Amino acid sequence: MMGNYLQILQDSLVKKLELLDEIEKKSLEQSDMIKEPNVDLALVDFNMDEKAKLIDDVLALDDGFESIYEKIREQLIANKEQFKPQINELQSLIEKVTEKSASIQAIEARNKAQMEVVFASQKREVQSRRNAMSVAKDYYQTMNKVKHVSPQFLDQKK
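Residues numbered from 1 in each chain as written. Predicted model: local features only at pLDDT ≥ 70, side-chain atom pairs only at ≥ 80, totals over all residues. Heavy atoms only, no water.

J.: Could you give me a rundown of the overall build of the protein chain, with the residues and numbers involved?
T.: Per the secondary structure count, the protein chain includes three helices and zero strands. Ordered by position in the sequence, the α and β elements of the protein chain form the string α-α-α. For the protein chain, whose C-alpha radius of gyration is 32 Å, the value lies well above the compact-globule estimate of 15 Å for 158 residues. The dimensions of the protein chain, computed from C-alpha atoms along their principal axes, are 125 × 30 × 20 Å. Residue burial in the protein chain is summarised as follows: out of 158 residues, 24% are buried. A fraction of 86% describes how many contacts in the protein chain between residues 6 or more apart in sequence connect residues 24 or more apart. (Helix = DSSP H or I, 4+ residues; strand = E, 2+ residues; numbered from the N terminus. Rg over C-alpha atoms; globule rule 2.2 N^0.38 Å. Buried < 20%, exposed > 50% of the residue type's maximum accessible area, 1.4 Å probe, protein only. Contact = heavy atoms within 4.5 Å.)

J.: Could you give me a rundown of the packing of aromatic side chains, with the residues and numbers involved?
T.: Going through the model one piece at a time under the given rule, you end up with one aromatic pair. Measuring from ring centre to ring centre gives 5.5 Å for Tyr139 and Tyr140, while their planes differ by 70°; the resulting arrangement is edge-to-face. For Tyr139, a relative accessible area of 47% translates into the label partly exposed. Here Tyr140 falls in the exposed class, since its relative accessible area comes to 55%. (Phe/Tyr/Trp six-rings, centres within 6.5 Å; stacked < 30°, edge-to-face > 60°.)

J.: Quick rundown of the environment of Gln10? Include the residues and the values.
T.: Positionally, Gln10 belongs in helix H1 (residues 2-35). Once the C-alpha coordinates of Gln10 and Phe65 are considered, the two residues, 55 residues apart in sequence, prove to be 9.2 Å apart. Not counting residues up to four positions away in its chain, the partners in contact with Gln10 are Glu89, Leu90 and Leu93.

J.: Quick rundown of the layout of surface pockets? Include the residues and the values.
T.: By volume, the largest pocket amounts to about 290 Å³. Around the largest pocket sit 13 residues that line it, and Tyr69, Leu76, Ile87, Leu90 and Gln91 are the ones nearest its centre. Going through the elements one at a time, helix H2 (41-78) and helix H3 (84-147) are the ones with two or more residues in the lining of the largest pocket. Considering each element in turn, the lining of the largest pocket owes the most residues, six residues, to H3. Of the residues in the lining of the largest pocket, the class split is seven nonpolar, two polar and four charged. Reported here for the second largest pocket is a volume of approximately 210 Å³. Lining the second largest pocket we find Leu20, Ile23, Ser27, Lys51, Ile55, Val58, Leu59, Ser101, Ile104, Gln105 and Glu108. Elements with a contribution of two residues or more to the lining of the second largest pocket: H1, H2 and H3. Its residues placed into classes, the lining of the second largest pocket shows six nonpolar, three polar and two charged. (1 Å grid on protein atoms, 1.4 Å probe; cavity = no way out; pocket = protein on both sides within 12 Å on 5 of 7 lines; lining within 4 Å. Points joined across faces, edges and corners; volume = space filled by probe spheres on them. Nonpolar A, V, L, I, M, F, W, Y, C, P; charged D, E, K, R; others polar.)

J.: If you had to explain H2 to someone new, which residues and values would you point to?
T.: Owing to its 3.6 residues per turn, the α-helix brings residues three or four apart onto one side. With 38 residues, H2 extends 54 Å between its outermost C-alpha atoms, agreeing within 8% with the 56 Å of an ideal straight helix rising 1.5 Å per residue. In the structure, H2 departs most strongly from a straight axis at Ile72, where the bend amounts to approximately 55°. Val44, Asn47, Lys51, Leu54, Val58, Phe65, Ile68, Ile72 and Leu76 are the residues of H2 that are buried. Between the side-chain oxygen of the N-cap and the backbone nitrogen of Ala42 there are 3.2 Å, and the N-cap of H2 in question is Asp40. (Expected span 1.5 Å × (residues − 1). Bend = angle between axes of the 7 residues up to and from the residue. Polar contact = N/O pair within 3.5 Å; in protein donor to acceptor, adjacent residues only side chain to side chain.)

Pasting the structure below:
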């Protein structure tokens, strides 16, 4: 029975590693998209939605892992020597998961910084367009006032 639980934990960690690989791949794709001169924000948004789904799957796996571990924790601690190979394998997988998570966090931090630059650039561009439109509007309003000649009273008597 305990062996089955340990196998489930191991399978959970392997699946988590696969999901983290996918998340890392999506993060790298996002990084490439952001570096393009004309960033397509719709594609970046779609990529982020896909990553969010993968992250939800990882969180579900974490919850399952925690609940199973809590069930067998006391037995596992009491019988450490009996399950030493499986425990070592679990520790190795947890180490890989931790390394992969750190790698993803680093990529995401770089992506966030790059996105802030992109957003700042687009904000400046929008402000520039707004200013140009405002200047053009003011110009046309001024020109319309110049053409308008107010009524004048002409005295015909001499």
